[in-house]
Each structure stands twice: as structure tokens, then as C-alpha cells.
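Coordinate analysis (summary)
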Amino acid sequence: MKLNSVLPIAAAAVGIAITTAVNPASAFTIGFNNIPNGDTAGDSLVSNFQVQVTDNSSNVSNTVLFKILNNLAPGSLAANAGTFIRSVHFASGSLLSNFTPNVNNTGFVSFDVSNSLNFPQGNNVPGGFIQVFAADRATGGQQLSNNAGGIQAGEALGVRFTGNYNSVIAALTNGTLKVGIHVQALPGGGSDSFVTNPNPVPEPFTIVGSGVALGVGAMMRKKQQKKKAIAKTDA
């Protein structure tokens, strides 16, 4: 196939992929792993918890927003048991500063800064877990009774830091920045801890964009081949 016939196909496919994936431009989602040689009570539920990171610089200069998500389905066994995220922990070195929880929370979520709070099973995290920041579900008063301040099913905690978005994503991806969560009220009782998985979760718009680009590219190649076949027949 001649180069001049390939270029329009490639340009169209790449253009569609870029258009589809550009909004939102700065969103990154990462899941959690079970911690080896630790508790196993929540191992089957680990895929229900995620961290989403966005560039928050348009709101506050040089900041990133972490959303800690509890994606348990309402009505599921774990949701009915009241399974919730009790605490969040960050092993971030000097990458982040100005730790500010409760920014754009989803649901009735309230956390207090508690940097000295121990991360359960943290000693078993591969490569170590040197905690810098931590927050615990708030308590006190009728409104925050029965662990209501924790991240319940369908809720999310927003945590803002000063930091460079691209550096944060690179560190999460290579595992030098780790986020840990402690989950309580598991079905059958007990609790468990999880730590971020360095392999990011593809955003839906990225998957769709890639699929559309590949589909259009294949369609245009077939069209070019059909034109060539017709041209040869006419000749």
C-alpha cells in the first residue's frame, strides 16, 4: 500500500481517538491489591475499591485531588453488612504536601487528619510502606454515630494535596507513591487492608476511543482495498 493512501487512514483514526479521549484530559484511576501474608477477610472484595486522581490546578494552583471510592453495589452482601473504608494512608515521600481531606466528598463522608494512625498490615506491603499522611473517619455527635463518617457503599472521600499531577501519576504507576485503605465491617465480621496496584485501570473514554479508532481505521482500509480492486478490474 502506498504511503499517501496510509496517511489519511492513520490521521483519521488518531484524530478520532484524540477527540474521544481528551475529555476529561487529566483523570487517572488505580485499583488496589491484597497485601501478602496479611488478613484475608476482604480479599474477594478488593476490586470494589479504587483511587481516582485528577489535576485540580484549575481550582487551586499546583494541586491534585484524590478520590477514594467505595464502589460496592447497593444491596450487595457487603453493602448490606455495612462494609466501609475506615481510614486512608499515603506513603508519598516528599512528593505531596498540604494534606486536606473532605474536598468534594460524595455522600455523607467525614474524615479527620490522623497522620500518626497506624496502617494495619503496613509492615507486609511489598517494598515497604513509609506513611506520611493518614486520615480516619470522624466520630462524635449523633450525626457521626455508627461509623456514618466512613466511606460507605457508593460514597467517596476527596483528598487534596499540593503536588505536580504528572509526577503523582508517574509515582503511582511505578509504585513509589502508595495509597492504603483499611476496610471494616466485612461480611461475617473482621477487617482487611489493601494497597494500590501499580497497574492503572483504563478510563472508559480511553477504551472507547481506542476501539473507535481501530474500527474506523479498519473500515477505511477495506474501502481503499475495494477501490483498488475495482480499478484493476476496469483496467
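That block above? That's the structure.
In what follows, the accompanying structure is described. As the structure is a computational prediction, the values presented were derived from the model and not from experiment. Sequence positions are assigned chain by chain, starting from 1 and proceeding in written order. Only residues with pLDDT of at least 70 get local features here, since the model is predicted, and only at 80 or more are side-chain atom pairs given and counted; chain-wide, interface and lining totals rely on the full set of residues. Here the side-chain values reflect all heavy atoms present in the structure, with hydrogen atoms and water set aside.

1. A short note on the packing of aromatic side chains
Which entries qualify depends on this criterion: Planes of paired rings set the category: under 30 degrees apart is stacked, over 60 is edge-to-face and the rest tilted, where pairs are Phe, Tyr or Trp rings (Trp by its six-membered ring) whose centres lie within 6.5 Å. Three labels apply to residues, based on accessible area from a 1.4 Å probe with only protein chains included: buried if under 20% of the type maximum, exposed if over 50%, partly exposed otherwise in between. By the criteria applied, helices consist of DSSP H or I runs no shorter than four residues and strands consist of E runs no shorter than two, each listed in order from the N terminus.
The full count for this structure, using the stated rule, is nine aromatic pairs. With centroids separated by 5.9 Å and ring planes inclined at 65°, the aromatic side chains of F90 and F99 adopt a geometry described as edge-to-face. With a relative accessible area of 12%, F99 lands in the buried category. Note on F99 and F133: the rings are 5.3 Å apart at their centroids and 40° apart in plane angle, and the pair reads as tilted. Pair noted here: F99 is in strand β5 (residues 97–101) and F133 is in strand β7 (residues 133–137), with a separation of 34 residues, a long-range link. One exposure class covers both F99 and F133, and it is buried.

2. Here's the deal with helix α3 (residues 165–174)
Just so we agree on the cut-off: Arc definition: directions from the helix axis to the C-beta atoms.
Within the sequence span of α3, burial applies to Y165, V168, I169, A171 and L172. Buried residues of α3 fall within an arc of 165° about the axis and therefore sit on the same side. α3 presents N166 and N174 as exposed residues on the side facing more than 90 degrees away from its buried surface. Of the residues one or two after α3, G175 is the one with positive phi, at around 85°.

3. Let's talk about the pairing of strand β4 (residues 84–91)
How we decide: Strands were regarded as paired on the criterion that DSSP finds at least two bridges between them.
With eight of eight residues buried, β4 lies mostly within the body of the structure. Relative to β7, β4 runs antiparallel, the two sharing four bridges. Bridge assignment links S87 to a residue of β7, and that residue is D136.

4. Describing the side chain of N70
Cut-off, in case you're wondering: When checking whether two residues touch, look at their non-hydrogen atoms; a contact exists if any pair is within 4.5 Å.
Along the polypeptide, N70 turns up in strand β3 (residues 63–70). Excluding anything up to four places from it in sequence, N70 contacts N48, F49, T83, F84, I85, I151, Q152, A153, G154 and E155.

5. Here we look at the pattern of salt bridges
Basically, it comes down to this: A pair is scored as a salt bridge if a Lys or Arg side-chain nitrogen falls within 4 Å of a carboxyl oxygen belonging to Asp or Glu.
Across all of its chains, the model carries one salt bridge by this definition. With its nearest N and O atoms 2.6 Å apart, the salt bridge here joins R86 to D136. Within this pair, whereas R86 is found in strand β4, its partner D136 is found in strand β7, the two being separated by 50 residues in sequence. A residue is classified by how much of its surface remains accessible, and D136, at 12% relative accessible area, is buried.

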